[in-house]
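Residue-level listing of the chains:
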Amino acid sequence: NYRNLVGLPTRSLGAADEFFKTLRYRAYVQGQAASRAHGLGLKGQDYQRYIREELEKAIDPASGKALDSRALREAQATTFQNELLAGTAGATIQQARNRHPILTLILPFVKTPVNVLRYGWKMTPGLNLLQKEFREAWRGAHGEEAKAHAIGQMALGSIFMGLSATLALNGRMTGSGPKDPRLQAELKASGWQPYSYVIENDDGTKTYINMGRFDPISMAMGLMADLVDLARHDPENSGAEMGMGAVAMSLAKSFTDRTFLQHIN
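Please read these numbers as outputs of a predicted model, since none were measured by experiment. (Residues numbered from 1 in each chain as written. Predicted model: local features only at pLDDT ≥ 70, side-chain atom pairs only at ≥ 80, totals over all residues. Heavy atoms only, no water.)

## Digging into the overall build of the protein chain
Turning to step 1, where the next piece is worked out: In terms of regular secondary structure, the protein chain is built from 10 helices and 2 strands.
Turning to step 2, where the next piece is worked out: Per-residue burial for the protein chain yields a buried fraction of 33% across its 265 residues.
Turning to step 3, where the next piece is worked out: Counting only contacts in the protein chain whose residues sit at least 6 apart along the sequence, the fraction spanning at least 24 positions is 55%.
Turning to step 4, where the next piece is worked out: Accessible surface, the protein chain: about 16,200 Å² in total, of which carbon and sulfur atoms supply 58%. (Helix = DSSP H or I, 4+ residues; strand = E, 2+ residues; numbered from the N terminus. Buried < 20%, exposed > 50% of the residue type's maximum accessible area, 1.4 Å probe, protein only. Contact = heavy atoms within 4.5 Å. Areas by Shrake-Rupley, 256 points an atom, 1.4 Å probe, with all protein chains shown as cover.)

## Section: the pairing of strand S1 (residues 196–200)
Turning to step 1, where the next piece is worked out: Sheet topology note: the S1/strand S2 (residues 206–210) ladder contains 5 bridges and is antiparallel. Residue pairing for S2: Val198 is matched across the bridge by Tyr208.
Turning to step 2, where the next piece is worked out: Hairpin connection between S1 and S2: a loop of 5 residues separates the two successive antiparallel strands, and Gly204 in this loop has a positive phi of roughly 95°. (Pairing = 2+ DSSP bridges.)

## Considerations on the pattern of salt bridges
Turning to step 1, where the next piece is worked out: Counted under the stated rule, the structure contains 11 salt bridges.
Turning to step 2, where the next piece is worked out: Glu54 is the salt-bridge partner of Arg36, the closest N and O atoms lying 3.0 Å from each other. With Arg36 in helix H1 (residues 2–39) and Glu54 in helix H2 (residues 44–57), this residue pair connects regions lying 18 residues apart in the sequence.
Turning to step 3, where the next piece is worked out: A salt bridge links Glu83 to Lys111; the shortest N-O distance between them is 3.0 Å. Of the two residues, Glu83 sits in the loop between helix H3 (69–78) and helix H4 (89–99) while Lys111 sits in helix H5 (residues 111–122), which places them 28 residues apart along the sequence. (Salt bridge = Lys/Arg side-chain N within 4 Å of Asp/Glu carboxyl O.)

## A short note on the packing of H1 against H3
Turning to step 1, where the next piece is worked out: Put simply, H1 and H3 touch, their axes get as near as 8 Å, and they point 140° apart. Between H1 and H3, the interaxial angle falls into the category oblique. The handedness of the crossing between H1 and H3 is right-handed. Together, Lys21, Arg24, Tyr25, Tyr28 and Val29 of H1 and Arg70, Ala71, Leu72, Glu74, Ala75, Gln76 and Thr78 of H3 make up the contact between the two elements. (Axes fitted to C-alpha atoms, helices over the stretch in contact; angles between N-to-C directions. Parallel < 35°, antiparallel > 145°, perpendicular 65-115°, else oblique. Left-handed = near helix turned anticlockwise from the far one by under 90°.)

## Notes on a nonpolar patch on the surface
Turning to step 1, where the next piece is worked out: Among the surface-exposed residues, Phe19, Phe20 and Leu23 lie close enough to one another that they form a single nonpolar patch of about 320 Å² accessible area.
Turning to step 2, where the next piece is worked out: Relative accessible area serves as the criterion here: at 48%, Phe20 is assigned to the partly exposed category. (Patch = residues over 30% accessible without salt bridge, like charges linked within 9 Å, V, L, I, M, F, W, Y side chains within 5 Å.)

## A closer look at the packing of H1 against H2
Turning to step 1, where the next piece is worked out: Between H1 and H2, the least distance of the axes is 9 Å, while the angle of their chain directions is 140°. When the interaxial angle is binned, H1 and H2 end up oblique. As for how H1 packs across H2, the hand of that crossing is right-handed. Residue-level inspection shows Arg26, Val29, Gln30, Ala33, Ala34, Arg36, Ala37 and His38 of H1 in contact with H2, the latter providing Tyr47, Tyr50, Ile51, Glu54 and Leu55.
Turning to step 2, where the next piece is worked out: Of the residues assigned to the contact of H1 with H2, the class counts are 8 nonpolar, 2 polar and 3 charged. (Nonpolar A, V, L, I, M, F, W, Y, C, P; charged D, E, K, R; others polar.)

## Concerning unusual backbone geometry
Phi is mostly negative for residues that are not glycine, and the peptide bonds are mostly trans.
Turning to step 1, where the next piece is worked out: Even without a glycine there, the phi angle at Phe80 is positive, about 55°.
Turning to step 2, where the next piece is worked out: Here Phe80 lies in the loop between H3 and H4.
Turning to step 3, where the next piece is worked out: Given a relative accessible area of 17%, Phe80 falls into the buried group.

## Considering the packing of aromatic side chains
Turning to step 1, where the next piece is worked out: This model, assessed by the stated rule, comprises 3 aromatic pairs.
Turning to step 2, where the next piece is worked out: Between Phe80 and Tyr119, the ring centres sit 6.1 Å apart and the planes meet at 80°, which makes this aromatic pair edge-to-face. Taken together, the positions of Phe80 in the loop between H3 and H4 and Tyr119 in helix H5 put the pair 39 residues apart, joining distant regions of the chain.
Turning to step 3, where the next piece is worked out: Given the relative accessible area of 27%, Tyr119 is considered partly exposed. (Phe/Tyr/Trp six-rings, centres within 6.5 Å; stacked < 30°, edge-to-face > 60°.)

## A short note on the layout of surface pockets
Turning to step 1, where the next piece is worked out: Taken as a whole, the largest pocket spans an internal volume of roughly 1,100 Å³.
Turning to step 2, where the next piece is worked out: Forming the walls of the largest pocket are 31 residues, and the residues nearest its centre are Arg73, Ala77, Asn82, Lys122 and Glu133.
Turning to step 3, where the next piece is worked out: Looking at the lining of the largest pocket, the elements with two or more residues in it are H3, H5, helix H6 (132–138) and helix H7 (144–169).
Turning to step 4, where the next piece is worked out: When the residues that make up the lining of the largest pocket are grouped by side-chain class, the tally is 11 nonpolar, 9 polar and 11 charged. (1 Å grid on protein atoms, 1.4 Å probe; cavity = no way out; pocket = protein on both sides within 12 Å on 5 of 7 lines; lining within 4 Å. Points joined across faces, edges and corners; volume = space filled by probe spheres on them.)

## Observations concerning the side chain of Gln94
Turning to step 1, where the next piece is worked out: Residue placement: Gln94 occurs in helix H4.
Turning to step 2, where the next piece is worked out: Sequence-distant contacts of Gln94, that is, excluding residues within four places in its chain, are made with Leu84, Val110 and Lys111.

## So, H7
Turning to step 1, where the next piece is worked out: Here H7 is 26 residues long and its end C-alpha atoms lie 38 Å apart, about the 38 Å a rise of 1.5 Å per residue gives.
Turning to step 2, where the next piece is worked out: Those residues of H7 that sit buried are Ala150, Gln153, Met154, Gly157, Met161, Ser164, Ala165, Leu167 and Ala168.
Turning to step 3, where the next piece is worked out: Residue Gly171 follows H7 closely and has a positive phi angle near 75°. (Expected span 1.5 Å × (residues − 1).)

What follows is the structure, encoded as structure tokens:
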């Protein structure tokens, strides 16, 4: 019926989401089992049998339900499907959407976009320290594994921001561009695109690849590219200084450029 037709895109997305969630769940369970098997000194057939048995224990044979809570959390985090924290802005928005179905027209998805933005925030050095969840993980309040994740996020974010600054300074990555709408339109008319990686072709033309495809790390990269753009296009303006005002402006532009926030924008 028409409901199945209308809901087909969402159901297709859900199927793809469950597929990758299952892959990550099984990989986590098998990885942990392999580590324990190695610690027990198992080898050959005994090694493989132990991993296979651990995987079977982690899945309910009757319903197919996941039984390993840690592996399930990892699978949800990998696909940005972990539950929104109570009391956060994302959880409030989700509740409002559930209570007022009309909001679905401008907010078709909430959980995944919010989790993507939150993860991108965690990978932005400096700004991630403003997030309570990240600070607690950094201090080891949620265990050594969560602490290692936080340290890794800080390290990766620093590497990608340094890379994006170098690329932006050399014209290989774009930020939001000039604030003047006329200049912005002229740039776009020439083929230029905001928040994109630039590839120079042999014939002299340029191909722009939108950085939104690389979420969540593209948030940190876009922020740095924006700061370079602000300094380049408006060097005399105080907004181009490396301060909180410039960061806030860059974040606002970066957020509104996301495909899943186009309706709100």
